[in-house]
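Here are the chains, one letter per residue:
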Amino acid sequence: MPAKPGPDSPGAPGASAGEQPARHTGADTAVPEKRNRNEKLITTVHDLKIPLTVSLLNLELAEMETDPAESQFYLAQVRRELEFMLETIGAMLELEKAESQGLTINPAPVALPELVGAVVARMQVLLKDKPALTLVVHVPPDLPPVLADAHKITRVLNNLYANAINYAERGTITATAMLAPDRRAVRLELSDEGKGISPERMESLFRLFDADTDSAGSSGVGLLYVKRIVEAHGGTVSLTSQVNVGTTVDLTLPVAS
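Residues numbered from 1 in each chain as written. Predicted model: local features only at pLDDT ≥ 70, side-chain atom pairs only at ≥ 80, totals over all residues. Heavy atoms only, no water.

The next point concerns helix α4 (residues 150-167). When the terminal C-alpha atoms of α4 are compared, their 26 Å separation across 18 residues agrees well with the 26 Å that a helix rising 1.5 Å per residue should span. Of all 18 residues that make up α4, 14 are buried, and the element is covered over most of its length. (Helix = DSSP H or I, 4+ residues; strand = E, 2+ residues; numbered from the N terminus. Expected span 1.5 Å × (residues − 1). Buried < 20%, exposed > 50% of the residue type's maximum accessible area, 1.4 Å probe, protein only.)

Dropping the structure here:
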């Protein structure tokens, strides 16, 4: 059974820096048959808050810009964020449908360096109020293409990066990619130096519609989507975290033949 994913999330008080990292793998968490409507509403708000924030920041920059070309650039970013919000809503509806009908992907050869680069470029605007936080990318340009649904894997990376940025105030968020020893998969590791996740909190992160109501940006839909999408590709996801140290998400995707 493939391991479970989960982006960064706030840590719980009372854990010391010397504790062993918590690692989440294993069987699926059961999904409650009856889900509270308020939990769904919280999930929706959390998943849409980041693109709404990015849109507002770009609109402010466009209003202050005197160069028409620069203003159009910022407006184009707003358009991209609105499209992302539509994608997020689509992911929510897709997960609901997948509960009864299964998840459909459309894999094709995809250049992972370009995919990661595009996501990182989009996330730069979220660093405006976090000058001590840096995004670092170590993804070799000569990696073989992966067999993936580019649209859905972009959603996965958006979710992981957005959560890492939300819960890290300083240090680096580093993406590292490499070819697996058997050369049949590409491994992508996303590490941050954020608050980390306590072992007891980690398990609840993977329940559908289980959102952290005290922290904007995390949601059960996003985390479950990461897991379902990567596993539907025949890949794996694992999460290692230590409170007050940081979190590492490790995923694999098959190499395209």
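Right, let's get into the confidence of the model for the protein chain. Per-residue confidence for the protein chain averages 77 on the pLDDT scale, and 71% of its residues sit at or above 70. For residues 1-18, every residue scores under 50 in pLDDT, and the model assigns this stretch 78 contacts once sequence neighbours within four places are set aside. Below pLDDT 50 for its whole length, residues 25-34 participates in 18 contacts with residues either more than four positions away or in separate chains. (pLDDT = per-residue confidence, 0-100. Contact = heavy atoms within 4.5 Å.)

Moving on: the side chain of K152. Inspection of the secondary structure puts K152 in helix α4. Residue K152 is classed as buried on the basis of its relative accessible area of 8%. Those residues in contact with K152 that lie beyond four places of it in its chain are E94, T104, I105, Y225 and I229.

Moving on: the nonpolar core. Membership of the largest hydrophobic core comes to 47 residues, with the highest contact counts inside it found for V116, M123, L135, Y161, I165 and I173. Look past the residues within four positions of I165 in its chain and what remains in contact with it is M123, L126, L127, K130, L133, L135 and I173. (Core = buried A, V, L, I, M, F, W, Y, C linked by side-chain atoms within 4.5 Å.)

A word on the pattern of salt bridges. Here the structure, examined in full by the defined rule, presents five salt bridges. With a closest N to O distance of 3.6 Å, D149 and K152 form a salt bridge. Judged by its relative accessible area of 7%, D149 falls in the buried class. Taken together, the shared-partner salt bridges in this structure form one network comprising R187, E189 and D250. (Salt bridge = Lys/Arg side-chain N within 4 Å of Asp/Glu carboxyl O.)

Residues L56, L59 and L75 make up a contiguous nonpolar surface patch of about 240 Å² in total accessible area. Counting through the fold element by element, L59 comes out in helix α1 (residues 37-64). Residue class for L59 comes out partly exposed when judged on its relative accessible area of 34%. (Patch = residues over 30% accessible without salt bridge, like charges linked within 9 Å, V, L, I, M, F, W, Y side chains within 5 Å. Areas by Shrake-Rupley, 256 points an atom, 1.4 Å probe, with all protein chains shown as cover.)

The backbone of R183 sits at a positive phi, close to 65°, despite the residue not being glycine. Its location among the elements puts R183 in the loop between β5 (171-179) and β6 (185-191). Residues other than glycine seldom take positive phi values, yet N244 does so here, at roughly 70°. Mapped onto the elements of the fold, N244 is located in the loop between β7 (237-242) and β8 (246-254).

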